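Spelled out, the chains give:
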Amino acid sequence: MDALAAVEALLSPEGRSDPFPYYAALHEHGPVISLSDSYTVVVGYDALGRALRDPVLREEGVEWVQLRWPDVADHPAVRLFSDSMLFSGDPGHARVRRLVSKVFTARRVAELAPAVERLTDRLLDRLAELGSDGSPVDFMAKFAYALPVSVICELLGVPEQDRLWFRPLVADLAAQLEPVYSTEHLAAADAAAVSLLDYFTALVAERSAEPRDDLVSALVQVRDEDDGRLSDWELLCNLVLLLAAGFETTTNLLGNGLALLLDQPGRCEALRADPSAASAYVEEFLRFDSPVQLTARWAPEGAVVDGVVVPPGGEVLLLMGAANRDPARFERPDVFDPERPANQPLSFGGGPHFCLGAALARLEGRTAFGRLLERFPRMEAADGRTRRDRLTLRGYASLPVALASAAGGGQ
Ligand code: HEM
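Criteria and cut-off values
Residues numbered from 1 in each chain as written. Predicted model: local features only at pLDDT ≥ 70, side-chain atom pairs only at ≥ 80, totals over all residues. Heavy atoms only, no water. Pairing = 2+ DSSP bridges. Helix = DSSP H or I, 4+ residues; strand = E, 2+ residues; numbered from the N terminus. Axes fitted to C-alpha atoms, helices over the stretch in contact; angles between N-to-C directions. Contact = heavy atoms within 4.5 Å. Parallel < 35°, antiparallel > 145°, perpendicular 65-115°, else oblique. Nonpolar A, V, L, I, M, F, W, Y, C, P; charged D, E, K, R; others polar. Core = buried A, V, L, I, M, F, W, Y, C linked by side-chain atoms within 4.5 Å. Buried < 20%, exposed > 50% of the residue type's maximum accessible area, 1.4 Å probe, protein only. Expected span 1.5 Å × (residues − 1). Salt bridge = Lys/Arg side-chain N within 4 Å of Asp/Glu carboxyl O.

A.B. asks: Please clarify how the sheet that holds strand β7 (residues 314–318) should be interpreted in this entry.
C.D. replies: Sheet strands line up and pair through hydrogen bonds in the backbone, either parallel or antiparallel. Pairing is mixed in the open sheet, where 4 strands are placed in the order β1-β2-β7-β4. Of all the strands in the sheet, the pair left with one neighbour each is β1 (32–34) and β4 (295–299). Pairs of neighbouring strands in the sheet enclose a mean axial angle of 20°, with direction left out of account. By the bridge criterion, 3 bridges tie β1 to strand β2 (residues 39–42) in an arrangement that is antiparallel. The residue of β2 that forms the bridge with S34 is T40. Packing of helix α4 (residues 45–52) onto the sheet brings it into contact with β1, β2, β4 and β7, and relative to β7 it is tilted by some 125°.

Encoded structure:
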């Protein structure tokens, strides 16, 4: 298959549902592939790691949006993302990332471990209740979404009663991250952006008046102490980013991981027998079926990516999902193998934008899988599994499971 046909297929509904054959086809064309003057695709593991660290390749932030999509540049949904740290370049990115990292520390994440365990156990109790008569329960709605949203909201200080409200809003907002995105979706994304911005504006006002021991209060303090170096708008954009990135992706780590285990009962048993292997399983879930399959950069002045010339203004698609299956880096890349040595997938990106929440996502993953399997020894897949029609943020829409197929099982 030629490279252009493979990329077109990847962007089609079929490719979104199963991108892996197209990644394999792209690997035949080398680590970096020039499709046209406008598009270059990176699939090689080493090349992609270098591209993420290349300062000549810039984030697709305000400047890029104004050049490529001037009609939508001022839409609230577009502004919200393009002004967040995820899409900002230096010097702004380094400044905001440093300020946020001052309060979103490794210590704060580590201190969250007991809360993650408590929330996991509470949700498992609820799952047990719902599935006690043998009827299937949707793992995505009742656990995979519920745990990460509760954890990030606990960290930020978002009250419990508001948490269920975020799921459809963030799904609408995050649709912008897909490579094929029609302006039809923009109305829904704008409505979501306005609601989320209003919500956080009110929460910031509350925490400014009465600070608590939470991340929103800590960031409000950073804004005030650092004398305007974190503006109100930057604070809001990055609070919404933390919320969205905090659960949208981790939800899919939990769903994609459980689906893999249910499809391979031997692996499920092995992990149940040795819960200390949970971290290695999480790394292999991330490699094999990454919740974030791709990101993109552009080259305002042009670039040379591993010997391939990108003309000025060209876009560079970085397919992490493909790099994680690079046969030059991973032996038998299409085999799920949690025991593979030196397993370092690129699922959290790399370089200056390396995922700020990687430690939190890993903590949630290993806590959830360890406790879930122990709690439900007879858990099985049930009918009706559906994938979301998305490539960038890959996951399931629903994943029904039967928890207590044998009498009293799972209780
Ligand atoms: C399995 C779960 C997760 C995956 C696969 C993931 C993946 C990623 C990736 C690939 C990037 C870099 C994108 C790029 O360079 O263009 C990123 C950035 C980011 N992630 Fe995550 N993420 C996850 C969980 C989280 C969590 C739990 C948080 C929590 C707060 C979070 C917050 C962020 C933030 C703030 C950034 C932007 C960092 C920057 O631009 O400097 N992520 N994530």
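There's more to say after this.
A.B. asks: Any chance you could explain the packing of helix α15 (residues 232–263) against helix α16 (residues 265–273) here in plain terms?
C.D. replies: The description of two packed helices rests on the angle between their axes and on the distance between the axes. The N-to-C vectors of α15 and α16 enclose an angle of 110°; their axes lie 5 Å apart at closest approach. The angle between α15 and α16 places the two elements in the roughly perpendicular class. Mapping the contact onto sequence places L261, L262 and D263 in α15 and P265, R267, C268 and L271 in α16. When grouped by side-chain class, the residues that make up the contact of α15 with α16 number 5 nonpolar, no polar and 2 charged.

A.B. asks: For this particular structure, what's the right way to read the nonpolar core?
C.D. replies: In globular proteins that are soluble, nonpolar side chains generally tend to be buried together. The biggest cluster of nonpolar side chains holds 103 residues, and the ones touching the most others in it are F139, L156, F166, F200 and L243. Broken down by element, this core gets its largest block of residues, 17 residues, from α15. Residue contacts for F200: discarding those within four places in its chain leaves L156, V158, L236, L239, V240 and L243.

A.B. asks: Before we go on, may I ask you to explain helix α13 (residues 184–209) in this structure?
C.D. replies: Owing to its 3.6 residues per turn, the α-helix brings residues three or four apart onto one side. For α13, spanning 26 residues, the distance from its first C-alpha to its last is 39 Å, which sits close to the expected 38 Å at 1.5 Å a residue. Within α13 the residues assigned to the buried category are L186, A189, D190, A192, A193, L196, L197, Y199, F200, L203, V204 and R207.

A.B. asks: Even after reading the chapter, I still don't get the pattern of salt bridges, so can you show me in this structure?
C.D. replies: A side chain of one charge can pair with a side chain of the opposite charge when the charged atoms of the two come close. Inspection of every chain in the model, using the stated rule, returns 29 salt bridges. With a closest N to O distance of 3.2 Å, E129 and R126 form a salt bridge. With E129 and R126 both in helix α9 (residues 113–130) and 3 residues apart, the pair spans about one turn of that helix. Accessibility expressed as a relative area gives 54% for E129, which makes it exposed. One salt bridge in this structure joins R267 and E339, with 3.9 Å as the shortest N-O distance. Of the two residues, R267 sits in helix α16 while E339 sits in the loop between α18 (320–323) and α19 (358–375), which places them 72 residues apart along the sequence. Here R267 falls in the partly exposed class, since its relative accessible area comes to 22%. For E339, a relative accessible area of 65% translates into the label exposed. A single network of salt bridges, built from pairs that share partners, joins R267, R332, D337 and E339.

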